[in-house]
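An overview of the molecular structure
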Amino acid sequence: MASFKPTKIQVYPKLGEKVTQDTLYWKNYKAPVQIKEFGAITNIDFSPLAPHNYAVTAFTRIHIYGPFSQEPVKTFTRFKDTAYCGRFRSDGQLLVAGCEDSSVRLFDVSGRVALRMFKGHTKAVHLTDFTSDRYQILTGSDDYTCRLWDIPNSTELTSYKEHTDYIRCGTTSKLNRDLFITGSYDHTVRLFDARVDKSVLTMDHGQPVESVLLYPSEGLLVSAGGRYVKVWDLLKAGQPLVSLKNHHKTITCLCLSSNGQRLLSGSLDRHVKVYNTTNYKVVHNFDYAASILSLGLAPDDESIVVGMTNGVLSIKHRKSSEETKDVSGKQRRRPTYRVFMKGKNYVPKQDDYLVSKPVKQHLAQYDKQLKRFDVSKAFDTALESWTRRRKPEITVAVMKELDRRGTLANALAGRDEKNLSQLLNFLIGNLVDPRFTPVLVMATEMTLNIYQSVIGQSPVVDRQLLRLRELLEREIDYQQDLMEVLGMLDTLFTSSLPRKGVPCPAISRPNGLAQGDIGAPGPQLQAA
């Protein structure tokens with residue numbers, strides 16, 4: 001008796017990941033270094049001067065780390081409550097931060113004690129920044145106000161109260177000391193001019209604004225809030241240019257690459273996405289272990305620093321050119337070839353007694369059921385949730401084997417509403433896949449013939465049959481359009497080919513006479 005042959009699963013070629021210049025660039029980082037902080041990391045800011053230390057604001061402390069240090073080189077702990085938004089001045093000498101107790105503190109990076117303390121807000125201060133002239137500070141608070149402070153005199157210069165909810169983000173212009181932008185939970189982004197007593201431009205983001213960012217040219221503004229990243233043209237009175245929705249949860253932070261051609265956004269969905277600022281398509285994606293609250297990118301993109309809600313600081317350093325060459329030049333170490341080939345080519349001699357070792361055959365569950373001729377159970381096993389979603393080729397292979405045996409109709413028949421619904425879902429999801437179409441078209445026809453008498457008895461099945469019909473109609477329309485396009489292309493290719501004359505040896509002149517017949521006399525008429 002012949003042994004049972006297991007079902008042959010067709011192996012289809014897999015499409016490899018598309019490798020682009022962005023993929024090579026953003027994957028060229030080492031394994032992340034992780035540092036545990038005392039609380040959620042709400043802000044990361046890089047110093048504009050070498051060696052580009054970065055300030056990490058977490059809980060009641062601000063730590064300053066060196067480019068490659070895993071221990072803070074400086075710590076500011078003079079906060080009575082949670083600190084927010086520690087930022088460097090453009091010369092890297094001063095650092096400003098807000099606090100939950102409504103005060104604003106100014107620190108000398110080389111010292112420990114606060115140089116100035118600004119009081120005037122009545123609630124937590126989440127926004128702090130320096131103006132471009134280095135002598136003023138912008139602050140924004142949960143008391144709905146944003147204020148400008150004079151550093152030498154420690155006095156308040158002006159105050160604006162146009163927002164109707166918490167002010168949680170903002171930035172100052174690096175080209176004009178009088179311009180600054182704030183974002184609020186009232187869904188608006190406002191542009192202020194310190195020479196005017198009210199905002200000069202208002203943009204409606206549509207969601208609570210978590211972060212704002214100015215391009216280096218300062219003609220474009222990026223705002224993030226909810227699941228949306230929006231780009232605004234400030235030179236056209238705040239006209240919206242692009243609205244991006246690529247995250248699944250609230251976007252919390254924004255960052256620009258060193259050349260300004262890539263935009264990075266971090267979100268609570270644990271992803272950092274990289275956008276091309278030309279067409280605003282996602283060119284790369286980073287995954288992290290926890291929700292992301294803050295994001296920083298070192299000058300020349302040498303390091304990516306991410307702060308998360310669980311207090312973990314993740315630092316990725318770029319590989320050096322030597323390390324990149326070593327990794328690319330180093331081949332994967334494989335076992336020696338002769339270890340596997342040892343004895344494979346040995347031929348027994350005449351007097352040798354050959355002992356063959358029986359090979360045990362391991363069958364899948366559906367093959368065991370097919371071996372026992374339980375066709376319905378075998379088909380149910382192949383139609384299980386994980387198999388039909390992750391490995392549809394197995395389900396199709398079992399269908400093909402049942403059709404070869406002539407028992408596919410028996411396996412399809414006798415199903416209740418739930419099982420029939422699963423079958424129809426599988427057909428709808430894979431019918432137009434060119435790998436499975438020949439088998440599934442036949443299975444679909446059998447299913448409709450078997451269950452045509454129950455149409456109208458179940459609203460669930462009826463809805464799926466309507467979806468199946470719409471899918472087929474749409475696919476037929478696609479095929480007709482493609483055939484029309486194919487006809488157009490055939491016409492274009494035919495007309496673009498050069499015309500070649502067909503040579504004929506008997507006709508070599510335009511009048512049909514051969515070269516030797518020009519001077520020859522014609523036939524003579526003779527009278528009988």
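First, a word on what this report is: a plain description of the structure on this page.

**Some thoughts on the overall build of the protein chain**
On a plain count of helices and strands, the protein chain comes out with eleven helices and 28 strands. By sequence separation, contacts in the protein chain at least 24 residues apart represent 45% of the contacts at least 6 residues apart. Roughly 31,600 Å² of accessible area belongs to the protein chain as shown, and the carbon and sulfur atoms make up 53% of that amount.

**Topic: the state of the cysteines**
This structure, assessed with the given rule, holds zero disulfides. In this model Cys 169 remains outside any disulfide bridge; the closest cysteine sulfur is found in Cys 85, 9.5 Å from its own. Left without a disulfide partner, Cys 255 is nearest to the cysteine sulfur of Cys 253, which lies 8.4 Å away. The buried category is assigned to Cys 255, whose relative accessible area is 10%.

**Overview of empty space enclosed by the protein**
Applying the stated rule across the entire model yields one cavity of 30 Å³ or more. Roughly 70 Å³ of internal volume is contained in the largest cavity. Along its surface, the largest cavity is lined by Leu 420, Leu 424, Thr 447, Leu 448, Tyr 451, Gln 452, Val 454, Ile 455, Val 461 and Leu 465. Going through the elements one at a time, α9 (417-430), α10 (437-450) and α11 (459-496) are the ones with two or more residues in the lining of the largest cavity.

**Thoughts on the sheet that holds strand β1 (residues 33-36)**
Taken in spatial order, the four strands of this open sheet run β1-β28-β27-β26, and their pairing is antiparallel. Edge strands, defined here as strands with exactly one partner in the open sheet, are β1 and β26 (292-297). Across the sheet, the mean angle separating the axes of adjacent strands is 15 degrees when strand polarity is ignored. As paired strands, β1 and strand β28 (residues 312-317) are joined by four bridges and run antiparallel to one another. Counterpart to Gln 34 in the pairing with β28 is Ser 314.

**Points about the pairing of strand β9 (residues 114-119)**
Bridge count between strand β8 (residues 103-108) and β9: five bridges; the pairing is antiparallel. Bridging across to β9, Phe 107 finds its partner in Ala 114. Taken together, β8 and the strand that follows it, β9, pair antiparallel across an intervening segment of five residues.

**Overview of the sheet that holds strand β12 (residues 146-150)**
Consider a sheet: its strands pair through backbone hydrogen bonds, and that pairing is either parallel or antiparallel. Across the sheet, four strands lie side by side as β10-β11-β12-β13; this open sheet has antiparallel pairing. Of all strands in the sheet, those bounded by a partner on one side alone are β10 (125-130) and β13 (155-160). Ignoring strand direction, the axes of neighbouring strands in this sheet form an average angle of 20 degrees. Where β10 meets strand β11 (residues 136-141), five bridges bridge the pair, whose relative direction is antiparallel. Among the inter-strand pairings, Phe 130 is bridged to a residue of β11, identified as Ile 137.

**Describing the pattern of salt bridges**
Here the structure, examined in full by the defined rule, presents 19 salt bridges. With its nearest N and O atoms 3.1 Å apart, the salt bridge here joins Arg 87 to Asp 129. Here Arg 87, found in strand β6 (residues 83-88), pairs with Asp 129, found in strand β10; they are 42 residues apart in sequence, far enough to count as distant. Neither Arg 87 nor Asp 129 differs from the other in exposure class; each is buried. Arg 435 serves as the salt-bridge partner of Asp 433, at 3.0 Å between the closest nitrogen and oxygen.

Rules of the game
Residues numbered from 1 in each chain as written. Predicted model: local features only at pLDDT ≥ 70, side-chain atom pairs only at ≥ 80, totals over all residues. Heavy atoms only, no water. Helix = DSSP H or I, 4+ residues; strand = E, 2+ residues; numbered from the N terminus. Contact = heavy atoms within 4.5 Å. Areas by Shrake-Rupley, 256 points an atom, 1.4 Å probe, with all protein chains shown as cover. Disulfide = S-S within 2.5 Å. Buried < 20%, exposed > 50% of the residue type's maximum accessible area, 1.4 Å probe, protein only. 1 Å grid on protein atoms, 1.4 Å probe; cavity = no way out; pocket = protein on both sides within 12 Å on 5 of 7 lines; lining within 4 Å. Points joined across faces, edges and corners; volume = space filled by probe spheres on them. Pairing = 2+ DSSP bridges. Axes fitted to C-alpha atoms, helices over the stretch in contact; angles between N-to-C directions. Salt bridge = Lys/Arg side-chain N within 4 Å of Asp/Glu carboxyl O.

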